[in-house]
Every structure is written in C-alpha cells, then in structure tokens.
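A structural walkthrough
Residue-level listing of the chains:
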Amino acid sequence: MTDLDQINPLPSGPDGRSWAIDVRDVRKVYGSGATAYEALRGVDVQIEPGEFVMLSGPSGSGKTTLLSIFGCVLSATSGSVHLLGKDISKASESDLARMRRSLIGFVFQMHNLIASLTAVENVALPLKLRGIPRAQAMADAQAMLERVGLGDKLQSVPRDLSGGQRQRVSIARALAGAPPLILADEPTAALDAQNGLSITQLLKSLAKTTKRTVVVVTHDNRIFHLADRIIHIEDGLIQKDAS
Amino acid sequence: MNDRSLASRARTMAHVAVHMVFYDKLKLAGTLLGVVFAVVLSNQQAGTFLGLIYKNVMFAKNCSADLWVLPPGAETFGPGRVLSMADAMQAKATPGVAWAEPLLVVASQVKLPAGGSEPITVVGVKPPYEAGGPWNLVSTKASVLARPDTMIFEDGDRENLGGLNVGSVREVGGRNITVGGFTWGLIPFGPSYAFADFDVARELSKTPQDRASFVVIKVTEPAKITDVKADLAARLPESVVVTRDEFQRLTIRNLLFKTAIGITFGTSTVFGLIVGFVIVSLSMFSSVVDNIREFGTLKAIGATNIDLMLLLLVQATIFGVIGSVIGLAIVSQMAKGIRSAKLAMSLPPELTFGTAALMVVLCIAASSLALLRLRKVEPAMVFR
C-alpha cells in the first residue's frame, strides 16, 4: 500500500453519516450595505467520501465561492460547514491553514505553479509544508510525477512545460501526500478539448484508484460524462443535483 | 504542530525564497544595485570622514605622550591658544612624570619660487625631538632638526611647496629654511605639518619665550596615569590636563559638533542608507505584487503568514548580504585607488561589518512594507 492508498478514517457528521463534505444552509455575502452581493443563498450539499463530483453553472453562479468554502480559503457568512467531519465554521485562520495543508489538494485553473521551482520541487512543496522530510518528499513527488506521465520533466521549470503538462504537475501536486479531498477549479479551462479530457480522465483515474473525494468546478460540458454526480448552481442556489 | 513540521516549513520557505530571488534576475540586479549603492555611498562617506578624523587626531595618537596639557579652550591640535612655559616646568617636577616637553604649534607660510605662498603648520619640538617629534619619516632622522634653520616637511605637499627636495631652501615666515627631510601622510584637515626645532618655530612666529602651545607628558608607570593627571590638574589650575584618549575624543567632538564636517558627512552617510532602504523596500514590495498569485498559492496550500514572513526575511537577508559583500569589495578597491598622503579612507572592521549588519537589518526592515501587503493576500484569490 502506498501513501496514496491510505485514507484518514472519517468521523461522523452531524446526522450520523460520514460525509466528506457537509454544508447546510450556507450563505455568503460579499461587501456590505447597498453594495452587498449574496453569492450563495442557502446552499445544502453533502458529498460522500470517494465521490467524483462536478459543480457546474454559469459565470457568477456561486460555484467558485462554494469551492472556496470547501477549500477553507473562504468563510461562509452563515450556515454550517463540516469538512471530513470537522466543523470549520468557526475555525481560526491557523486551523484553516492546517486543514488546507493536511487534508486538501488544489488544482487551479491557471495551474498556479511556483515559477522558480522545478516540477518536482513544486509537487514536493505541500509535502514539505506538512513536515515530510525533504528526501521523502522529493521521492514521493517524483513518483507522483511519474504517475501523471511526467517522469522525464522532473527538473523542468513551469515556463518550459506546455499548458497540459503544467496542469499535470498541478494535479500531481494536489494528489501528492494523499490528501483525502481534491478540489479543482476549472482545470480544463486553459486547455484544448483533447488535453482537457485527458487531464480530467487522469484526475478521475488517480482519485478513484486512491479513493479520494474530488470536487471539480467546471462549465465544460465535454467532461460532464466523467462525473459521478453533477451539481448545477445558478444565482447562488442549487438548481439540480443529479448522479 | 510539532517542531519537525515547523523546522521543515522554515526550510521549505527558505528554499522557495532563494529560488524566487534568483529566478527574476532583473529584479535581483535592481535590488542589489540599490543595496550596493547604499553600502558604497555610506562606507565611502563614513570612511572618508573617519580618515579625516584620523588626520585630526593623528598627532595625539602617534605621540608617545600619556598626558597632554592644553591651554584653556583648546580642543584640537593646532595653532592658536598658548599656555605658560612654566606648566612644562611644573609637569617635569610632578611625581610620576618620566618626561614633559613643550610643543609650539604655529601657522606659517612657505614662499614659493614662482611667487605666492602656501600655508603650513609648523610644529616646534625640543631636542632630542622625540616628544611630539615627527614620525613616518622618509629617508631622514628627526635629529636633522638640530641643524641650524632646518625643517622636515610633508612629502605629500612637496609639489605644492614648489617642488621641495632634501637640501632645498625656502623662505618660511621671512626666514630661509633648509629642507632636512620628509614625513609621509602627515596632512591634517588643513595645512600640512612641518617640524622645526622649538626655538626656530618660536622665532618664526615671534612667540614670547615663556609661551608654548601644549605640554606633552610621559608617566613612569602607565597604571598611575589617572593619579598623575589628577596631581597635574591640581598643580596647573589655569590649564587643562587630559589623557591621550581624552584629547582624541575632544578633537572628534569638536569636529563633529563645532564644524560642518560632521553634519555634511553624516548626512551623506544617512542619505546612502536611506536610498538603500527605499530601493530595497520598493523592490521587495513590487516583487510581492508581481508574485502575488504565487504567494496566494502558498497560502492556499497551507503556508501561514509567519511562513511567508520567514520567506521575506530570507529574501531580505540575501539582498543585504550579497549587496553588502559586493559593495564592500567596491569600497575597498576605491579606498586603495584614492589612497594618498592627502586623502586616505579609513575602513576599520567596525565600520565595514557594522555597515553590512546595518544593511541586512535595513533590508529586513524594508521587507516589512512587503509583509504588510502579503498579510492582506487572501488564499481565496487563487480561485479568481
């Protein structure tokens, strides 16, 4: 068994079931007074461990806001948010940082790799932040890059990689260290159709074999067929939730 | 959070910091240029200032006297105020005094062969010309001053004084003086020193026989300097008795606070440091702005504000250390290049290491502006 195959045991949620993500009546308001804007207007979502879920919806629908709340990078204005059984509604900034560090892997639309670090150093970065010794982190990062087909690009810096390769590095970084939750924001937006499909297939395949929970924000209908479940959001409300 | 995790994060941030610094070579060059400029300017100004200070205290520093008797109000070694020759007699008679000799320091002029004249500061010394006598001698001995109407001039001023050579004769204060030899580097902040027999100096300046400028004193036991000084002060109530170090401090204080030199050089030195501070500050701030997405990513994947503060700290230290090393290398070459009898930069380790340390501290302080910006970076920005 590799690190990737070890999922943290999940504690029970408020209703006794074990949810990877459990948000109830979540609202998010940006700004205040006359300029206040309600991005989420009472959202309820429960996602089971190991599910591969896509959040879809038009621009400004609130899907990225919801993903940010799942990712502990944004706090809800009201409502309850349980992540892997932990109530993060009132967590401190340092607790949220610790959650992000140890439980969540991110895949960003623009890959967001550190330009000055090589591919293997980028992938090893979250591992080292978790306290994994350098040699171990580098070995794990190398193994992860080999799994995404970039074994020959370990020492390449992002500017020397194609868009698809950068996104593969980003996926390797998200999956390295086996975080139980992977959140991806429009991972195919900057890629052509072929690359977009292959990146999503790769993400799903790696997540399924290692039993990760994955939430992908996308409006790319070419990849919808890969989802276990699609949640459609519009105007800050869930309009459709279908498997 | 365990210590291993903290140490690992610290090492990781240091690693990222180093890579970020060296990745953007243009910004690195710009920032280093600012630090180098600050180090060079501040060291050049402070070094020149220290060189000037040295030139003004060199007499007290090089004279073997332990104690000096000064006329009231005198704070520097130079012509002007006089004291009674009786002070020298009193000093000689004081217990614990090995020797005590008067010095006469007078302003005079050397008439040039091509017309005109140049000022010099004549130091009149009593035989055997050791107490307050010339040093850094070039192919001569102090004893040549025993020859009639003979003086030792400053090598660095030879051309100014009409191309002096040993044996040249010049009219000094209306009297024909033969050049007996040269010293090297004895040019204070003013006319160069020229040494003469005490009586020659007195006759040149028409100083009364019972007057002298200073009395230099050597004590028999160095451990008893304080006691001898107190005894002398009691015996010479109308004069001021100081140790060698006190005389140097008095001169430096005079230079710093009673002339424009201190404020001029001090301003330039501080200006250099401020320029460095501003450049580093702006460079680091713009670096954070340029890389704001990377910092947001670091936060999103779990780095805390403290981690990012450490990253900036490492970057600031790199800028400070590399900039200081380059700057000091340039300054030391400059010091060698401009070294002459008239101008010598003084770059003691306290100054160079002190400036380097200060520059690192300034760079770290300069990073605080960037840190303020960094603290406001929301990890959620990575999803926008």
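Residues numbered from 1 in each chain as written. Chains lettered and ligands numbered in written order. Predicted model: local features only at pLDDT ≥ 70, side-chain atom pairs only at ≥ 80, totals over all residues. Heavy atoms only, no water.

1. Points about the overall build of chain A
Counting its secondary structure elements, chain A contains six helices and ten strands. Rg of the C-alpha trace for chain A: 17 Å, near the compact-globule value of 18 Å for 243 residues, within the 12% margin. Considered along the principal axes of its C-alpha atoms, chain A spans approximately 50 × 35 × 35 Å. Buried residues in chain A amount to 54% of all 243 residues. At a minimum sequence separation of 6, the contacts of chain A that also span at least 24 residues come to 71%. By element, 48% of the accessible surface of chain A is carried by carbon and sulfur atoms, the whole surface being about 9,500 Å². Side-chain charges in chain A split into 27 positive and 25 negative, and the spacing between the mean points of these groups amounts to 3 Å. (Helix = DSSP H or I, 4+ residues; strand = E, 2+ residues; numbered from the N terminus. Rg over C-alpha atoms; globule rule 2.2 N^0.38 Å. Buried < 20%, exposed > 50% of the residue type's maximum accessible area, 1.4 Å probe, protein only. Contact = heavy atoms within 4.5 Å. Areas by Shrake-Rupley, 256 points an atom, 1.4 Å probe, with all protein chains shown as cover. Lys, Arg positive; Asp, Glu negative; His and termini not counted. Charge placed at Lys NZ, Arg CZ, Asp CG, Glu CD.)

2. Observations concerning the interface of chain B and chain A
Each side of the interface is counted separately: chain B has 26 residues, and chain A has 29 residues. Taken together, the two surfaces of chain B and chain A that pack against each other cover about 2,700 Å², and 63% of this comes from carbon and sulfur. Broken down residue by residue, the surface that chain B buries against chain A is led by B:Y23, B:I301 and B:F383, which jointly contribute 30%. Counting across the interface, chain B meets chain A through zero salt bridges. Counting across the chain B and chain A interface gives nine residue pairs in polar contact (both at pLDDT 80 or more). (Buried area = accessible area lost by both parts, 1.4 Å probe. Salt bridge = Lys/Arg side-chain N within 4 Å of Asp/Glu carboxyl O. Polar contact = N/O pair within 3.5 Å; in protein donor to acceptor, adjacent residues only side chain to side chain.)

3. So, helix α5 (residues 225-235) of chain B
All names here are of chain B. Along α5, the residues that are buried comprise I225, V228 and L232. Taken around the axis of α5, the buried residues stretch over an arc of 65°, which confines them to a single face. Opposite the packed face of α5, turned more than 90 degrees from it, sit the exposed residues T226, D227 and A234. Looking at the buried side of α5, the elements it contacts are β1 (67-70), α3 (86-92), β3 (97-111), β11 (214-219) and β12 (240-243). (Arc of directions from axis to C-beta.)

4. Examining the side chain of B:T183
All names here are of chain B. Note that T183 resides in strand β8 (residues 175-183). T183 sits in the buried class, given a relative accessible area of 0%. A distance of 2.9 Å separates polar atoms of two side chains, one belonging to T183 and the other to E154. Not counting residues up to four positions away in its chain, the partners in contact with T183 are P134, W135, N136, L137, V138, I152, F153, E154, D155 and F195.

5. Quick notes on the pattern of salt bridges
Applying the stated criterion across every chain yields a total of 23 salt bridges over all chains. Linking A:R24 and A:D22 is a salt bridge whose minimum nitrogen-to-oxygen distance equals 2.9 Å. Assessed through its relative accessible area of 1%, A:D22 is described here as buried. Across the pair B:D210 and B:R211 runs a salt bridge, and its minimum N-O distance is 3.8 Å. By relative accessible area, B:D210 is classed as partly exposed at 43%.

6. Points about the packing of aromatic side chains
All names here are of chain B. All chains considered together, the criterion is met by twelve aromatic pairs over all chains. On the basis of an interplanar angle of 20° and a centroid distance of 3.8 Å, the ring pair of F59 and F77 is categorised as stacked. Here F59, found in helix α2 (residues 25-62), pairs with F77, found in the loop between β1 and β2 (83-84); they are 18 residues apart in sequence, far enough to count as distant. F77 carries the same exposure label as F59, and that label is buried. Arranged with centres 4.8 Å apart and planes meeting at 45°, the rings of W68 and F247 form a pair that is tilted. Of the two residues, W68 is situated in strand β1 and F247 in helix α6 (residues 244-257); the sequence distance between them amounts to 179 residues. (Phe/Tyr/Trp six-rings, centres within 6.5 Å; stacked < 30°, edge-to-face > 60°.)

7. Considering the nonpolar core
Within the largest apolar cluster, 78 residues are counted, with the highest numbers of intra-cluster contacts made by A:F70 and B:L298. When sequence neighbours within four positions are dropped, the list of residues in contact with A:F70 reads A:I21, A:V23, A:V45, A:I47, A:L55, A:L83, A:I104, A:L181, A:L183 and A:V215. One finds A:V169, A:L202, A:V214 and A:A227 within the second-largest nonpolar core, a separate group that totals 37 residues. (Core = buried A, V, L, I, M, F, W, Y, C linked by side-chain atoms within 4.5 Å.)

8. Section: unusual backbone geometry
Between B:P127 and B:P128 the backbone carries a cis peptide bond, its omega angle lying at 5°. When you line up the elements, B:P128 lands in the loop between β4 (117-125) and β5 (137-138). Phi at A:H111 is positive, roughly 60°, even though this residue is not glycine. Position of A:H111 among the secondary structure elements: in the loop between β6 (104-107) and α3 (119-129). What makes A:H111 buried here is its relative accessible area of 16%. Even without a glycine there, the phi angle at B:N136 is positive, about 50°. Along the chain, B:N136 turns up in the loop between β4 and β5. The class for B:N136 is partly exposed, based on a relative accessible area of 43%.

9. Some remarks on the side chain of B:Q45
All names here are of chain B. With respect to the helices, strands and loops of the structure, Q45 is situated in helix α2. When its relative accessible area of 13% is taken as the criterion, Q45 is described as buried. For Q45, the side chain forms a polar contact with the side chain of S268, separated by 3.3 Å. Once you skip the residues sitting within four places of it in the chain, Q45 turns out to touch F265, S268 and T269.

10. A look at the sheet that holds strand β4 (residues 78-83) of chain A
Residue and element names in this part refer to chain A. An order of β2-β1-β4-β5 is seen for the four strands of this open sheet, with the pairing classed as antiparallel. The outermost strands of the open sheet, each flanked by one partner alone, are β2 (37-47) and β5 (86-87). As judged from the five bridges shared by strand β1 (residues 21-30) and β4, these two strands associate in the antiparallel manner. Residue pairing for β4: V23 is matched across the bridge by V81. (Pairing = 2+ DSSP bridges.)

11. Observations regarding a nonpolar patch on the surface
Residue and element names in this part refer to chain B. Side chains of V270, I274, F277, V278, L282, L369 and L372 sit close together on the surface and give an oily, nonpolar patch of about 590 Å² of accessible area. Secondary structure elements with two or more residues in the nonpolar patch: α7 (260-290) and α10 (349-375). Looking at the nonpolar patch element by element, the count peaks at five residues for α7. Secondary-structure assignment places L369 in helix α10. (Patch = residues over 30% accessible without salt bridge, like charges linked within 9 Å, V, L, I, M, F, W, Y side chains within 5 Å.)

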